[in-house]
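Residue-level structural notes
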Amino acid sequence: MSSESQTFTEKYDLLGCIQCGRCTGGCPVTVRADLNVRQFVNNAYDEDKLEELSRLAEIWDCTACHTCAVRCPKGLKPLEVLIGLRTIIVESGKVEPTVRDALQSVLLEGNPWEKSRAMRTDWMEGLDVKIAEPGEPVENLFFVCCTIAYDPRVQAVARNIVRLLNKAGVDFAFLPEEESCCGSEVFTIGEEGLFEMLVEDNTEYLNEFKAERIVTLSPHCFTTYKTHYPDLKNPVIHYTQLLDELLEEGKLVWKGELQKKIVFHDPCYLGKQGGIYDEPRRLLKNIPGVELLEFDRSRERSLCCEGGGGKMWVESTSTKERLADVRIRDAKELDADIVAAACPFCVLTLEDAMKNLGYEEEMRVAEIMELLGEFVEA
Amino acid sequence: MKTIVCIKYVPDTSEAEVKVNPDGKTVDNSRFSYDINDADNYAVEESVLIKEDKGGEVDVVSIGPKKSDVMIRMALAKGCDRAKRIEDERIADHDPLMVAKVLAGAIKSEEFDLIMTGCMANDDGHMSTGVALAEEVGVNHASMVKKVEVLDGKVKAHRELEGGLMEVVELELPAVLTIQTGINEPRYAPIRGIRQAQKKELSVAGLDDLSIDPAEVGAEASQVVLENLYIPEVESAAEFIEGEPEEKAEKLASILVKGGLV
Ligand code: SF4
Ligand code: SF4
């Protein structure tokens, strides 16, 4: 974690940049916004200019897709320069009301959706779920994610996992309502102090549980725990990894057939940041009847849906076509029936784009767990 | 400028279902989230804006439980200077007059130019505490204020009336203003700011500490008796019109004509 005395240049290793421009060259947002991340890496070297840079609206266009970090030959994380500039604004208190309310909700209720903590486990109603208890051994400890816990559109991800694992006889438990936001979006919005607090509190909280591993449902929680929680005792995996194991062990019993063409959209936080590309594909390919298609821009080159980087709370000023719309049009060109994703944000943004383009009748956006819920015995 | 801003910690009843407890007089609050009352948040921002513009100090006063300290710390992080939280079970807090008496008792020893508070509380919606407070401390007031201009020894308050009408009144200071939402854009209190604000004074007092006679602000002093809380029956008046589009349009038109609506 950063120390207060570091300069901006030291903190983001700005002197390591050779101004090759690969970051901006790969940045998906450049087609619709004025963002030139290379220029920010260059200009942020001048400490006197930081205030001025932080006031540029385009710093809020970054979706934290990490393409720039993946491409930088010097191993820098150009996007974090933008996040550092956002921090200046956040600490002045003058953020968009939507951002303000999301951050405040994380502090007060442990989730960015302004929902009460007491309602965090409501999605479990009617299900047979074991609640984890500190000190009690459990193989798979599930961390549900704020969005999946509260948003009815994606709650099925958690509900289907429970049914499926119960049937497969897997030892698992979910955290009680004390579970708090992993801070993925808090980090990218630039609320450094709150993020540090979450890392500290969540590490302490999660380390009380005797789990063999923590299983996350959202790739955002997955990557955040893996990259920003150095003192977490347990390994962290994404649910597609656990289900892939079950698939291998023959523990997923298929029912029915899905005679559909599915294209998998690699979520930035699962692929580019988490390095997981094959597990979700194997799961989808194994659903009887499925023909799995590939986007031209897939895997490391996957096009961002613009759901990350705090963008759920910041409207882009651009009026140009949204990347999610581009993605859905690409899927349409492939003649895909279903666009599958393994991330709640991707599902929400892609589905929105699908409706926006009027493809509701002929196309479906689904989380992998929604499909498995329909085609695995549970 | 010395401003006192009075804030309240309230439940958010927009998400969780509201249930009345078996006593019929309280609400089950176990599933609500709590935060600063909406309009009070704007009052805090306005007080800080005035301080930033004119200099001076802002004191926070609130009646509430220990867990509301986080709300008070946020106000301090935003720029208020010190805070007093009053906690005492004997206060008849369902009655705005009793609340106003307690607030007045807590600030009676203070010199001030302005008192600001939200024009309405999200939970009980009385819209009277601020006005009653003005009466208790014996100063002028303006309610539903949507714009404030601080002048020399005076304040110009733009009041929001029905139908989008604005009324401008000039008041001699000291005065009480009840602030309407939308007067400004409340800022965010970053965690580092909240941490720094830990150094600011937050004192806690009961009625005895404030030399307020419990008999004057308790249930026996109040003229308001809380009789009952209930959730009104949902009256279903929705009618679904079935049929082909043309048929539907015809039926709808006939309903509207019969009802004298067209
Ligand atoms: S890719 Fe890396 S080295 Fe190249 S300009 Fe961007 S930050 Fe600098
Ligand atoms: S993270 Fe993605 S959107 Fe942000 S600057 Fe890098 S490439 Fe562009």
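Parameters and conventions
Residues numbered from 1 in each chain as written. Chains lettered and ligands numbered in written order. Predicted model: local features only at pLDDT ≥ 70, side-chain atom pairs only at ≥ 80, totals over all residues. Heavy atoms only, no water. Core = buried A, V, L, I, M, F, W, Y, C linked by side-chain atoms within 4.5 Å. Buried < 20%, exposed > 50% of the residue type's maximum accessible area, 1.4 Å probe, protein only. Contact = heavy atoms within 4.5 Å. Near = heavy atom within 4 Å. Helix = DSSP H or I, 4+ residues; strand = E, 2+ residues; numbered from the N terminus. Expected span 1.5 Å × (residues − 1). Axes fitted to C-alpha atoms, helices over the stretch in contact; angles between N-to-C directions. Parallel < 35°, antiparallel > 145°, perpendicular 65-115°, else oblique. Nonpolar A, V, L, I, M, F, W, Y, C, P; charged D, E, K, R; others polar. Buried area = accessible area lost by both parts, 1.4 Å probe. Salt bridge = Lys/Arg side-chain N within 4 Å of Asp/Glu carboxyl O. 1 Å grid on protein atoms, 1.4 Å probe; cavity = no way out; pocket = protein on both sides within 12 Å on 5 of 7 lines; lining within 4 Å. Points joined across faces, edges and corners; volume = space filled by probe spheres on them. Domains from an automatic or database assignment. Polar contact = N/O pair within 3.5 Å; in protein donor to acceptor, adjacent residues only side chain to side chain. Phe/Tyr/Trp six-rings, centres within 6.5 Å; stacked < 30°, edge-to-face > 60°.

1. Brief notes about the nonpolar core
Membership of the largest hydrophobic core comes to 177 residues, with the highest contact counts inside it found for Leu165, Phe174 and Leu217 of chain A together with Leu177 of chain B. Not counting residues up to four positions away in its chain, the partners in contact with Phe174 of chain A are Trp123, Met124, Val129, Lys130, Ile131, Ala132, Phe142, Val144, Ile161, Val162 and Leu217 of chain A. Ranked by size, the runner-up nonpolar core spans 24 residues in total, among them Ile86, Ala132, Ile212 and Val217 of chain B.

2. Looking at the site of ligand 2
Near ligand 2 there are 13 residues, and of these Cys27, Cys62, Cys65, His66 and Cys68 of chain A occur at the shortest range. Only helix 5 (67–71) and helix 6 (78–92) of chain A provide two or more residues apiece to the shell around ligand 2.

3. Looking at helix 9 (residues 155–168) of chain A
Residue and element names in this part refer to chain A. With 14 residues, helix 9 extends 20 Å from end C-alpha to end C-alpha; this agrees with the ideal 20 Å at 1.5 Å per step. Of all the positions in helix 9, only Gln155, Val157, Ala158, Asn160, Ile161, Val162, Leu164, Leu165 and Ala168 are classed as buried. Elements in contact with the buried residues of helix 9: strand 1 (138–143), helix 8 (146–150), strand 2 (172–174), helix 13 (239–248), strand 8 (364–367) and helix 17 (368–375). Trailing helix 9 by a residue or two, Gly169 shows a phi angle of about 70°, which is positive.

4. What about the packing of helix 11 (residues 192–206) of chain A against helix 12 (residues 219–228) of chain A?
Residues and elements named next belong to chain A. Where helix 11 meets helix 12, the axes come as close as 12 Å, and the angle between the chain directions of the two elements is 90°. Between helix 11 and helix 12, the angle is such that the two are roughly perpendicular. Residues Phe195, Val199, Asn202 and Leu206 of helix 11 touch helix 12, and the partners they reach there are Thr224, Tyr225 and His228. Grouping the constituent residues of the contact of helix 11 with helix 12 by class yields four nonpolar, three polar and no charged.

5. Considerations on the interface of chain B and chain A
Chain B puts 20 residues into the contact, and the matching count from chain A is 25 residues. Overall, the association of chain B and chain A removes approximately 2,000 Å² of surface from exposure, summing both partners, and the carbon and sulfur fraction of that is 52%. Counting the surface chain B buries against chain A, the share from its top three residues, Arg31, Tyr188 and Arg192 of chain B, is 39%. At the boundary of chain B with chain A, the tally comes to five salt bridges.

6. Quick word on the environment of Asp337 of chain A
Residue and element names in this part refer to chain A. For Asp337, the location among the structural elements is in the loop between helix 15 (323–333) and strand 7 (338–341). Residue classification places Asp337 among the partly exposed positions, given a relative accessible area of 23%. Each C-alpha atom of the pair Asp337 and Ser184 lies 31 Å from the other, and the pair is 153 residues apart in sequence. Those residues in contact with Asp337, other than ones at most four positions away along the chain, are Lys260, Lys261, Glu362, Met363 and Arg364.

7. Topic: the layout of surface pockets
Reported here for the second largest pocket is a volume of approximately 550 Å³. Surrounding the second largest pocket, 23 residues form its lining, Gln104 and Glu114 of chain A together with Asp12, Asp35 and Ile36 of chain B being those nearest its centre. Taken together, the elements giving at least two residues each to the lining of the second largest pocket come down to helix 7 (97–109) of chain A together with strand 2 (9–12), strand 3 (33–36) and helix 1 (38–54) of chain B. Across the lining of the second largest pocket, the residue classes tally to eight nonpolar, seven polar and eight charged.

8. Re the pattern of salt bridges
Think of it this way: side chains of opposite charge can pair up when their charged atoms draw near. Considering all chains together, one arrives at 47 salt bridges over all chains under this definition. Ionic pairing is found between Asp123 of chain B and Lys8 of chain B, a salt bridge with its closest N-O pair at 3.0 Å. Of this pair, Asp123 of chain B sits in the loop between strand 6 (114–118) and helix 4 (129–137) while Lys8 of chain B sits in the loop between strand 1 (2–7) and strand 2, placing them 115 residues apart in sequence. Judged by relative accessible area, which is 38%, Asp123 of chain B ranks as partly exposed. Lys8 of chain B sits in the partly exposed class, given a relative accessible area of 26%. Residue Arg85 of chain B pairs with Glu87 of chain B through a salt bridge whose shortest N-O separation is 2.6 Å. One continuous salt-bridge network, built from bridges that share partners, spans Lys11, Glu91, Glu192 and Glu196 of chain A together with Arg192 of chain B.

9. Description of the environment of Glu110 of chain B
Residue and element names in this part refer to chain B. As for its position among the elements, Glu110 is in the loop between helix 3 (96–107) and strand 6. Judged by relative accessible area, Glu110 falls into the partly exposed class, the value being 25%. When residues no more than four places from it in sequence are discounted, the contact partners of Glu110 are Lys2, Ile4, Asp59 and Lys84.

10. Looking at the site of ligand 1
Taken together, 13 residues form the shell around ligand 1, and within it Cys17, Cys20, Gly21, Cys23 and Cys72 of chain A come nearest. Partitioning the shell around ligand 1 into residue classes produces eight nonpolar, two polar and three charged.

11. Re the domain arrangement of chain A
Residue and element names in this part refer to chain A. Domain annotation for chain A reports domain 1 (3–92), domain 2 (98–246) and domain 3 (254–373). The centre of domain 1, based on its C-alpha atoms, is set 29 Å off from the matching centre of domain 2. At the junction of the two partners, domain 1 supplies 10 residues and domain 2 supplies eight residues. Buried area between domain 1 and domain 2, summed over both chains or domains, comes out near 790 Å², and the portion from carbon and sulfur atoms is 55%. Counting the surface domain 1 buries against domain 2, the share from its top three residues, Ile83, Thr87 and Val90, is 44%. Viewed at the interface, domain 2 and domain 1 are joined by one salt bridge. Where domain 1 meets domain 2, there are three residue pairs in polar contact (both at pLDDT 80 or more). In terms of residue count, the dominant contributor to the side of domain 1 that touches domain 2 is helix 6 (six residues).

12. Brief notes about the packing of aromatic side chains
Working definition: an aromatic ring pair is given by the centre-to-centre distance plus the angle between the planes. All names here are of chain A. With the rule as written, the count across this model stands at 11 aromatic pairs over all chains. Relative to Tyr12, the ring of Phe8 lies with its centre 4.8 Å away and its plane at 65°, an arrangement referred to as edge-to-face. For Phe8, a relative accessible area of 11% puts it in the buried group. On the basis of relative accessible area, Tyr12 is assigned to the buried category, the value being 12%. Here the aromatic cluster, defined as three or more aromatic residues joined through ring pairs, consists of Trp123, Phe142, Phe172 and Phe174.

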